[in-house]
Amino acid sequence: MFTQIARAPESATAPARPRAALLESRLSNFRAEVQPRVRALAAEHNWIADLAISFPAVLFALAFPRQRGASEEATRLVINGAPLAAVAQNAGVPLWLRNFPPEAFETPLLALPDSPDFRRRIANHLPKSWRAAPTWLDHVAKATETADEEIALWFARETPLKEKRTKTYKQRVQNQHRRLVALWAWHTRHADPALMPNPTPWRSEMQWKAAITAALDWRDALLLPLYLGDGHLADTWLEDGTVDGYSFAALRSQTDVRAEADAMKHCVARYGADLADNYVRLWSVRRDGERVATLSLEALNGPLPQIRELSGPMNAAVPIEMWIATRRWLMSQDKPDLDVTRFQTKIAQADPRVWRRMWRPYWVAKGRIPSWLPLKPDTTSLYLL
């Protein structure tokens, strides 16, 4: 008599093979430079390995934590079968990253926003190519750190992800200074206008080109109060005067320069550092009390001041008679005993009181003083943002 032994159908073990193949495929999709650490972690436990399928971002974050040892508790939760949401929260991974494939990750993930509103809206602004995802994630994270979620969402939509070699210098610049753009955007939304130059306000509908232009203008405008402070230039080089009906009045303070820039609608407000360095001097040219031009003098190519620029409203050209009057006024100041050392350039320092007054609201709001915006005046750092 034979005992019938029930044989499991071959299909019963079939799911294990496709899942193993899927797991290997997902692990292979991680970038080559990160695969060794990801695979080493996946080999520690089957449920950790399963993250390559269910939540690759978490597996990557556990293999490359932001801080040393930060992944230990999250790894324990995975092994104990905790819900993915709890694991992700402990690992510092936002839930909206769940559908990002393995190839989307390259460097340790920075802190990213994860509010319900952000999760809902970010879905419309994901990168078009997953190969560009690491750059995209870095931009969103830096915008979050520097500014806020609303600006980070705009960065997700607008910030350029790559540069073409054929682009001009101006176009390449427009793809840089991302932290500066975020800092400018934050200040237009949160800072007291009395503490900063009135910038072009950030708007969510802006395109990147307009934003970077506004941010660079804002940065240049900061130099005027930083270098001139609340005081006046001790030496304006030349005396005020009138020639052929044109009067020449020195711009001695940041108030003078701002008033000239607003009235003439040009970029003279960016000359703060040049004025402080004794590199240029500015003059308002008027006729019958009305502003008609702005004069910039420099002594770069010789011992005596010379005309650097003479422009009308919105940098318009001025008539020849104004040029003649300007040259006559300038030459009338030449004297044999003139002290030419007055025209030599020097290295000026930004006013630490104005620097701290400008940035204190930002430091307080963020609860820290970042290395890229230090406590001591450092205008060079503004150009590196």
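Not measured: the values here are computed from a predicted model. Sequence order sets the numbering: in each chain, residues are counted from 1 along the sequence as written. pLDDT decides what is reported in this predicted model: residues at 70 or higher carry local features, side-chain atom pairs at 80 or more are listed and counted, and totals for whole chains, interfaces and linings draw on all residues regardless. Processing note: side-chain calculations cover all non-hydrogen atoms of the structure and skip hydrogens and water entirely.

Peer 1: Can you lay out the nonpolar core for me, pointing to particular residues and giving the numbers?
Peer 2: The definition of a nonpolar core used throughout is a set of buried Ala, Val, Leu, Ile, Met, Phe, Trp, Tyr and Cys residues joined through side-chain atoms within 4.5 Å. Only protein chains enter the calculation, and the probe is 1.4 Å; a residue is then buried if its accessible area is under 20% of its type maximum, exposed if over 50%, and partly exposed in between. Among the nonpolar cores identified, the biggest contains 86 residues, and Val-93, Leu-97, Trp-184 and Trp-359 are the most heavily contacted of them. Put simply, DSSP H or I for four residues or longer makes a helix, DSSP E for two residues or longer makes a strand, and each gets a number counted from the N terminus. Take this core: its biggest share by element is 11 residues, from helix H12 (residues 208-228). Those residues in contact with Trp-359, other than ones at most four positions away along the chain, are Leu-183, His-187, Met-196, Trp-218, Leu-222, Leu-373 and Leu-382. Trp-283, Leu-295, Leu-297 and Ala-325 belong to the second largest nonpolar core, which has 19 residues in total. It only takes one pair of heavy atoms within 4.5 Å for two residues to be counted as in contact.

Peer 1: With reference to specific residues and values, describe a nonpolar patch on the surface.
Peer 2: Side chains of Ile-320, Trp-323 and Ile-324 sit close together on the surface and give an oily, nonpolar patch of about 290 Å² of accessible area. Position of Trp-323 among the secondary structure elements: in helix H15 (residues 320-331). Exposure above 30% relative accessible area and the lack of any salt bridge qualify a residue for a patch; like charges then connect within 9 Å, and the nonpolar side chains Val, Leu, Ile, Met, Phe, Trp and Tyr within 5 Å. Computed by Shrake-Rupley with a 1.4 Å probe, the accessible areas treat only the displayed protein chains as cover when residues are assessed. In what follows, salt bridge is the name for a side-chain nitrogen of Lys or Arg lying within 4 Å of a carboxyl oxygen of Asp or Glu.

Peer 1: Lay out the pairing of strand S2 (residues 246-250) in plain terms, naming residues and giving numbers.
Peer 2: Side chains Tyr-246, Phe-248 and Ala-250 project from S2 onto a buried face, and the interleaved Ser-247 and Ala-249 project onto a face without burial. Pairing of strand S1 (residues 241-243) with S2, which is carried by 3 bridges, proceeds in the antiparallel orientation. Paired with Gly-241 across the two strands is Phe-248, which belongs to S2. Only when DSSP finds a minimum of two bridges between them are two strands counted as paired. The loop that links S1 with its antiparallel partner S2 comprises 2 residues; one of these, Asp-244, has a positive phi angle of about 55 degrees. Examined bridge by bridge, S2 and strand S3 (residues 280-287) share 5 bridges and lie antiparallel to one another.

Peer 1: Could you give an account of the pattern of salt bridges, with specific residues and numbers?
Peer 2: A full pass over the atoms with the stated rule returns 23 salt bridges. Glu-158 serves as the salt-bridge partner of Arg-157, at 2.8 Å between the closest nitrogen and oxygen. Among the charged side chains, a salt-bridge network with shared partners connects Asp-117, Arg-120, Arg-121 and Glu-150.

Peer 1: Give a description of the packing of helix H9 (residues 149-158) against helix H11 (residues 178-190) that names residues and reports values.
Peer 2: The geometry of a pair of packed helices is captured by two quantities: the angle between their axes and the separation between those axes. Orientation is described by axes fitted as lines to C-alpha atoms, over the contacting stretch for helices, and by angles from 0 to 180 degrees between their N-to-C directions. Their axes nearest at 10 Å, the elements H9 and H11 cross at an angle of 140 degrees. The angle between the axes of H9 and H11 places the two elements in the oblique class. Relative to H11, H9 is oriented so that their crossing is right-handed. Within the contact between the two elements, H9 uses Glu-150, Ile-151, Trp-154 and Phe-155 and H11 uses Arg-178, Val-181, Ala-182, Ala-185, Trp-186 and Arg-189. Looking at the contact of H9 with H11, its residues break down into 7 nonpolar, no polar and 3 charged. Throughout this description, any angle smaller than 35 degrees is read as roughly parallel, any larger than 145 degrees as roughly antiparallel, any in the 65 to 115 degree range as roughly perpendicular, and the remainder as oblique. Each crossing gets its hand from how the near helix is turned against the far one by less than a right angle, where anticlockwise is left-handed and clockwise is right-handed. When residues are grouped by polarity, Ala, Val, Leu, Ile, Met, Phe, Trp, Tyr, Cys and Pro land in nonpolar, Asp, Glu, Lys and Arg in charged, and all others, Gly among them, in polar.

Peer 1: How would you explain the packing of helix H8 (residues 133-146) against H11 if you had to name every residue and give the values?
Peer 2: Two elements in contact, H8 and H11, have axes whose closest approach is 9 Å; the angle formed by their N-to-C orientations is 40 degrees. When the axis of H8 is compared with that of H11, the two are oblique. Relative to H11, the crossing made by H8 is right-handed. On H11, the residues touching His-139, Lys-142, Ala-143, Glu-145 and Thr-146 of H8 are Arg-178, Arg-179, Ala-182, Leu-183 and Trp-186. Here the residues of the contact of H8 with H11 sort into 4 nonpolar, 2 polar and 4 charged.

Peer 1: Go over the sheet that holds S2 with me, naming the residues and quoting the values.
Peer 2: Taken in spatial order, the 5 strands make up an open sheet running S1-S2-S3-S4-S5, and their pairing is antiparallel. Taken across any chain shown, the strands that pair with only one partner, and hence form the sheet edges, are S1 and strand S5 (306-311). Strand-to-strand twist across the sheet, computed as the mean angle between neighbouring axes with direction ignored, equals 30 degrees. Packing of helix H13 (residues 254-264) onto the sheet brings it into contact with S2, S3, strand S4 (290-298) and S5, and relative to S4 it is tilted by some 125 degrees.

Peer 1: Which residues make up the side chain of Thr-146, and what values do they have?
Peer 2: Assignment of secondary structure puts Thr-146 in helix H8. Two N or O atoms count as a polar contact when they lie within 3.5 Å, although within protein this holds only if one can serve as hydrogen donor and the other as acceptor, and sequence-adjacent residues are included solely when both atoms are side-chain atoms. Within the structure, Thr-146 has its side chain in polar contact with the backbone oxygen of Lys-142 (distance 2.8 Å). Side-chain polar atoms of Thr-146 contact the side chain of Arg-179, separated by 2.9 Å. Once residues within four sequence positions are removed from consideration, Thr-146 is found in contact with Arg-179, Ala-182, Leu-183, Trp-186, Tyr-362, Lys-366 and Trp-372.

It is worth stressing that arrangement in space is one thing and function is another; only the former is reported here.
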